[in-house]
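Notes for the structure review
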Amino acid sequence: MTNENINQEFDILSFTADQLTVNTPVESKKTGNANIYKPKPADSKSDDGIYRAQIKIIYNPFDLRRSILEQQSYALQDAQGFFSVVSSLTDADTSCPVFKAWKTCHYSKDVNLQKQELGADKGGRGLFNKRFARYATIQVIEDLNNPELNGRYMFWKVPKAVYEVIDAKQRPTNPAKSPIPVMDFLFGRAIDLEVIPGPGKPGDETYTRQTSYRCEITEDIVSCLNPDCSPILNSEQQAIVDTYVDEIKKVWKEKDPARRQVMQQQIDMMPNTAQLKAMYRTVIEKIKSFCPNLIEEMGYKEWTPEVKERVQKWIDIVLQGNDPATISTAPGILVNNTSDPLAGTYDTLTAKPSSSVQQSPMTMVDDEDGDGDLPF
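Just so you know, these numbers come straight off a predicted model, no measurement behind them. (Residues numbered from 1 in each chain as written. Predicted model: local features only at pLDDT ≥ 70, side-chain atom pairs only at ≥ 80, totals over all residues. Heavy atoms only, no water.)

**A few points about the overall build of the protein chain**
- Each helix and strand in the protein chain was counted, giving ten helices and ten strands.
- The 376 residues of the protein chain split such that 47% are buried.
- Taken as a whole, the protein chain presents about 18200 Å² of accessible surface, with 50% of it coming from carbon and sulfur. (Helix = DSSP H or I, 4+ residues; strand = E, 2+ residues; numbered from the N terminus. Buried < 20%, exposed > 50% of the residue type's maximum accessible area, 1.4 Å probe, protein only. Areas by Shrake-Rupley, 256 points an atom, 1.4 Å probe, with all protein chains shown as cover.)

Below is the structure:
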């Protein structure tokens, strides 16, 4: 464990949402991953088809500052089918080969290359389908639709509507409102979530594609639990937390920022607060023992040789002005038999014309609120 992480844990009581990398100017899909929480209306047990659950979004115990992972990925298609890659742009690293290829097309003076990255609505192929998603760690508090998930620590692709509600609570723009540490392990809040299906019935594309989200943050404090839903704290530890909460609630209710600061400083000097800080180190280590690591599982990792080869082949075909979905080999010569740079492009090695403008099904997925696991 690094000294930085130790300090993050020890100073957790002064940790605020402003320190999350998602809220700072610092540098700046996992199909089949059983650790991803996917509340879908199709799985609802309610008569109205709404998927209801209570979850708790928490800090990443392995790296508090990266509690919200802004994952950037590319959804690509070649002759083998659809595939996706998490881009190094996730770590603010612009050396991503796909991103470099996009720049080549975007800034090219060649009309055909320009159209490789332009969307279908602008007359292009839209081959560079970059997707953006915010992932966070959650604990499922109660899910009657899938009760076997109760108590589990998982990852969730946080919809924009939910993220904005949390952010408004943690970083209010009104000075008269105190920031509330919604994501805190011991005195944060839970989220009453509703996932509402689109029009139609289960099986209809609109039913899934037009899913919407509503959420409400609980007024009561909700502590993290063990995976078996038993309390993490013993009675003595809970008493320390309760004492702290009794005092900090006064700060949260105070409307004057200057007065809040003085009150917070007084609380920070209390012996009980020192006990809580010391106890928190043990709490976080315990949560780590059964919580999956957000950055390790959902963050950028160097691609395997097989993935690198497949991506490079995709790039080679794209930079030749062809469509990788219809061309299996990058041609050595680009042939254009018509005035339309898209319709007249041929692979001279296979003598197979690349298709005119195609829109991949991937472009239909809403990166913020969509399911995120189609079609791969």
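**Observations regarding the pairing of strand β4 (residues 129–142)**
- The buried fraction of β4 is high, at eleven of 14 residues.
- With five bridges connecting them, strand β1 (residues 51–58) and β4 associate as antiparallel partners. By the bridge assignment for β4, isoleucine 57 is matched with isoleucine 138.
- As paired strands, strand β2 (residues 68–78) and β4 are joined by eight bridges and run antiparallel to one another. Along β4, the bridge assignment pairs tyrosine 74 with lysine 130.
- Bridge analysis of β4 against strand β5 (residues 153–157) gives five bridges, and the strand direction is antiparallel. Residue alanine 136 lies in a different strand from β5, and its bridge partner there is tryptophan 156. (Pairing = 2+ DSSP bridges.)

**Digging into helix α2 (residues 97–106)**
- Taken residue by residue, α2 has Val98, Phe99, Ala101 and Cys105 as its buried positions. For α2, the angular spread of buried residues about the axis comes to 160°, placing them on one side.
- Buried-residue contacts for α2 involve β2, α3 (111–117) and α10 (305–319). (Arc of directions from axis to C-beta. Contact = heavy atoms within 4.5 Å.)

**Some remarks on the nonpolar core**
- One finds Tyr37, Trp156, Phe185, Leu186, Leu276 and Tyr280 to be the most contacted residues of the largest nonpolar core, which totals 56 residues.
- Tallying contributions element by element places helix α6 (residues 235–253) first for this core, with seven residues.
- What phenylalanine 185 contacts, discounting residues up to four positions off in sequence, is Ile12, Lys56, Ile58, Tyr59, Pro61, Leu64, Val222, Ser223, Cys224, Tyr280, Ile284 and Ile287.
- One finds Val85, Leu113, Ile315 and Val318 within the second-largest nonpolar core, a separate group that totals 18 residues. (Core = buried A, V, L, I, M, F, W, Y, C linked by side-chain atoms within 4.5 Å.)

**A short note on the environment of isoleucine 217**
- As for its placement among the helices and strands, isoleucine 217 is situated in strand β7 (residues 212–217).
- By relative accessible area, isoleucine 217 is classed as buried at 10%.
- Expressed as a C-alpha distance, the spacing of isoleucine 217 and glycine 188, which sit 29 residues apart in the sequence, is 9.9 Å.
- When sequence neighbours within four positions are dropped, the list of residues in contact with isoleucine 217 reads Val165, Ile166, Lys169, Val182, Arg189, Ala190 and Ile191.

**What about the packing of aromatic side chains?**
- For the structure shown, the criterion picks out eight aromatic pairs.
- Centre to centre, the rings of tryptophan 102 and tyrosine 107 are 6.5 Å apart; their planes meet at 80°, and the pair counts as edge-to-face.
- Residue tyrosine 107 is classed as exposed on the basis of its relative accessible area, which comes to 60%.
- Taking the centre distance of 5.2 Å and the plane angle of 90° together, the rings of phenylalanine 128 and tryptophan 314 count as edge-to-face. One end of the pair, phenylalanine 128, is in the loop between α3 and β4; the other, tryptophan 314, is in helix α10, and 186 residues separate them in sequence. Summarising the burial analysis for this pair, phenylalanine 128 and tryptophan 314 share the class buried.
- Three or more aromatic residues joined by ring pairs make a cluster, and in this case those are Tyr59, Phe185 and Tyr280.
- Arginine 134 extends its terminal NZ or CZ atom over the ring of tyrosine 163, reaching a point 4.0 Å from the ring centre.
- Geometry around phenylalanine 83 places arginine 310 over its ring, the cationic atom sitting 4.0 Å from the centre. (Phe/Tyr/Trp six-rings, centres within 6.5 Å; stacked < 30°, edge-to-face > 60°. Lys NZ or Arg CZ within 6 Å of the ring centre and 35° of its normal.)

**Quick notes on the pattern of salt bridges**
- Here the structure, examined in full by the defined rule, presents twelve salt bridges.
- Residue aspartate 48 pairs with arginine 52 through a salt bridge whose shortest N-O separation is 2.8 Å.
- In this structure, the salt-bridge partner of aspartate 78 is arginine 310, at a minimum N-O distance of 2.6 Å. Taken as a pair, aspartate 78 in strand β2 and arginine 310 in helix α10 lie far apart in primary sequence, 232 residues in all.
- Because the salt bridges share partners, they merge into one network encompassing Asp48, Arg52, Glu194 and Arg214. (Salt bridge = Lys/Arg side-chain N within 4 Å of Asp/Glu carboxyl O.)

**Comments concerning a negative patch on the surface**
- Together, Asp192, Glu216, Glu219 and Asp220 make up a region of like negative charge exposed at the surface.
- Within the fold, glutamate 219 resides in the loop between β7 and α6.
- With relative accessibility at 62%, the residue glutamate 219 sits in the exposed group. (Patch = residues over 30% accessible without salt bridge, like charges linked within 9 Å, V, L, I, M, F, W, Y side chains within 5 Å. Lys, Arg positive; Asp, Glu negative; His and termini not counted. Charge placed at Lys NZ, Arg CZ, Asp CG, Glu CD.)

**Side note on the packing of α6 against helix α7 (residues 257–268)**
- Relative orientation of the contacting elements α6 and α7 amounts to 165°, with a least axis distance of 9 Å. Overall, the two elements α6 and α7 adopt an arrangement that is roughly antiparallel. Both α6 and α7 take part in a crossing whose hand is left-handed. Judged by residue contacts, Tyr244, Glu247, Ile248, Lys250 and Val251 of α6 engage Arg260, Met263, Gln264 and Ile267 from α7. (Axes fitted to C-alpha atoms, helices over the stretch in contact; angles between N-to-C directions. Parallel < 35°, antiparallel > 145°, perpendicular 65-115°, else oblique. Left-handed = near helix turned anticlockwise from the far one by under 90°.)

**With respect to the side chain of aspartate 323**
- Structurally, the position occupied by aspartate 323 is in the loop between α10 and β8 (334–336).
- Buried aspartate 323, no salt bridge; nearest opposite-charge side chain is arginine 125, N-O distance 4.2 Å.
- A distance of 2.9 Å separates a polar atom in the side chain of aspartate 323 from the backbone nitrogen of alanine 325. (Polar contact = N/O pair within 3.5 Å; in protein donor to acceptor, adjacent residues only side chain to side chain.)

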